[in-house]
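Examination of the molecular architecture
Each chain is listed here by its residues.
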Amino acid sequence: MTVLPEDIRKALLAREEIALIDLREEADFALGHPLFAAQIPLRRIEAEARWRIPRPDTRVVVYDNGEGIVAPALDQLRALGFTDADALEGGLEGWRAAGYELFEDVNSYSKAFGELVEHRRHTPSLPAPDVQALIDEKADIAILDARRFDEYATMSIPGGVSTPGAELVLRARAVAPDPDTTIIVNCAGRTRSIIGAQSLVNAGLPNRIFALRNGTIGWTLAGQELETGQQRRAPAPPSPFVAEAREKAREVAYRAGVRRIAWDELAHLRQDTARTLYLYDVRLPEDFAAGHLPGFRNAQGGQLVQETDHFAPVRGARIVLADDLGPRADMTASWLAQLGWEVFVVEWQQGVALETGSDGAPSPRGPEGRYKRPYEGTDNAAAAMQAYLDWEFGLVEQLRRDGTHGFYVI
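Quick caveat: nothing in here was measured; it's all calculated off a predicted structure.

Each value, and the rule that gives it
Residues numbered from 1 in each chain as written. Predicted model: local features only at pLDDT ≥ 70, side-chain atom pairs only at ≥ 80, totals over all residues. Heavy atoms only, no water. Axes fitted to C-alpha atoms, helices over the stretch in contact; angles between N-to-C directions. Helix = DSSP H or I, 4+ residues; strand = E, 2+ residues; numbered from the N terminus. Parallel < 35°, antiparallel > 145°, perpendicular 65-115°, else oblique. Left-handed = near helix turned anticlockwise from the far one by under 90°. Contact = heavy atoms within 4.5 Å. Nonpolar A, V, L, I, M, F, W, Y, C, P; charged D, E, K, R; others polar. Pairing = 2+ DSSP bridges.

1. A word on the packing of helix 3 (residues 45-52) against helix 4 (residues 70-79)
Closest axis-to-axis distance for the helix 3/helix 4 pair is 10 Å, and the angle between their directions is 55 degrees. As far as their axial angle goes, helix 4 and helix 3 are oblique. The two elements helix 3 and helix 4 meet at a crossing, and its hand is right-handed. Counted together, Ile 45, Glu 46 and Ala 49 of helix 3 and Ala 73, Gln 76 and Leu 77 of helix 4 form the full contact between these two elements. In the contact of helix 3 with helix 4, the residues fall into 4 nonpolar, 1 polar and 1 charged.

Below you can see the structure in the form of structure tokens.
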């Protein structure tokens with residue numbers, strides 16, 4: 001059986017559950033795909049499908065671009081127990097022929113959302129030469145790197161401190177306790193800089209706050225030197241800062257429409273077998289491994305917002321977040337709600353026996369068929385980096401043309 005592109009669009013607009021899966025390798029997927037498509041290459045279906053699409057009767061629609069891999073993919077999915085798996089009529093070309101938008105790159109809808117946030121909220125930013133001037137004059141600034149720690153260690157802005165996205169509201173005051181200190185948030189490109197800076201703005205920190213415009217890409221294109229191999233991490237905040245962050249983050253989550261549930265109420269959501277439920281602990285991996293709620297997976301909050309299509313490919317599913325301190329889950333949930341998700345935060349869980357170790361996620365894919373991001377590493381061509389920025393600048397207009405996103409910005 002095949003599914004018409006217009007039926008998928010209707011399901012997205014109605015917020016029905018659907019997993020639209022691109023079966024090609026990531027490098028091909030990055031050349032163009034529907035906004036809410038997620039990518040699982042044919043060779044990885046057995047390893048990833050049941051993990052990423054946990055409910056076997058989820059509506060799954062797969063497609064390729066004429067490579068002939070749809071039939072074997074459907075055979076594998078049905079062998080894995082998926083009972084509602086079909087093909088997109090006409091594949092990728094059928095989507096295009098229907099007049100619908102194709103988005104390039106990876107994690108496209110999260111990146112498009114970041115651009116929408118900046119467009120709507122006018123998130124303050126500084127270009128690389130201005131930040132370099134502040135460094136040179138030894139101004140009172142703190143540079144917070146919102147990426148994963150391994151990305152930060154590869155290359156970073158001079159003086160930058162690793163503060164992965166969901167940690168920002170919790171730890172920023174520990175890095176910059178003086179409200180007169182100017183805080184600059186950076187990533188490799190634009191999205192996590194924007195979302196990170198706007199998180200601090202939304203939480204009402206007293207400092208002047210800026211995103212580093214265009215991240216390390218902008219820094220490199222300006223001819224400025226990056227540091228490599230740095231190990232600086234934002235310190236754990238003292239109790240008064242934790243309490244302050246908890247209050248501020250909870251208010252932001254409330255404004256975004258996030259709901260809170262107790263541990264025993266989570267059982268009710270788990271019993272609803274007609275809905276997909278993702279459970280994510282949004283802390284750092286080392287904190288997760290030391291002890292986490294039973295059944296929860298790990299996704300650092302900033303990455304969950306940045307790579308939502310990877311962590312939650314079933315559009316229309318429910319997402320429940322956990323965090324022992326609160327601010328990380330509340331801030332992450334506030335962004336997921338604005339991305340159109342039904343999202344909950346589970347409250348402090350006294351007496352619950354914690355699990356330790358990893359969550360059992362599938363092994364990394366490896367380099368085969370991987371799309372080389374223009375913001376990764378230190379050896380990217382200037383033309384590729386500039387082209388990436390130009391693509392990001394056009395995403396707000398693409399969202400308008402597509403019309404299915406349902407995003408809003410508080």
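2. Some points on the packing of helix 9 (residues 168-175) against helix 12 (residues 239-256)
For any two helices packed against each other, one specifies the crossing angle of their axes together with the interaxial distance. Where helix 9 contacts helix 12, the axes come no closer than 9 Å and their chain directions differ by 140 degrees. As far as their axial angle goes, helix 12 and helix 9 are oblique. In this structure, helix 9 meets helix 12 at a crossing whose hand is right-handed. Contact with helix 9, carried on its side by Val 169, Leu 170, Arg 173 and Ala 174, involves Phe 241, Val 242, Glu 244, Ala 245 and Ala 249 of helix 12 and no other residues of that element. Residue composition of the contact of helix 9 with helix 12, grouped by class: 7 nonpolar, no polar and 2 charged.

3. Concerning the sheet that holds strand 10 (residues 209-212)
Strand order in this open sheet of 5 strands is 6-10-9-7-8, and the pairing throughout is parallel. For this open sheet the edge positions go to strand 6 (125-126) and strand 8 (161-162), each flanked by a neighbour on one side alone. By the bridge criterion, 5 bridges tie strand 7 (residues 141-145) to strand 9 (residues 182-186) in an arrangement that is parallel. The partner of Asp 145 across the bridge, within strand 9, is Asn 186.

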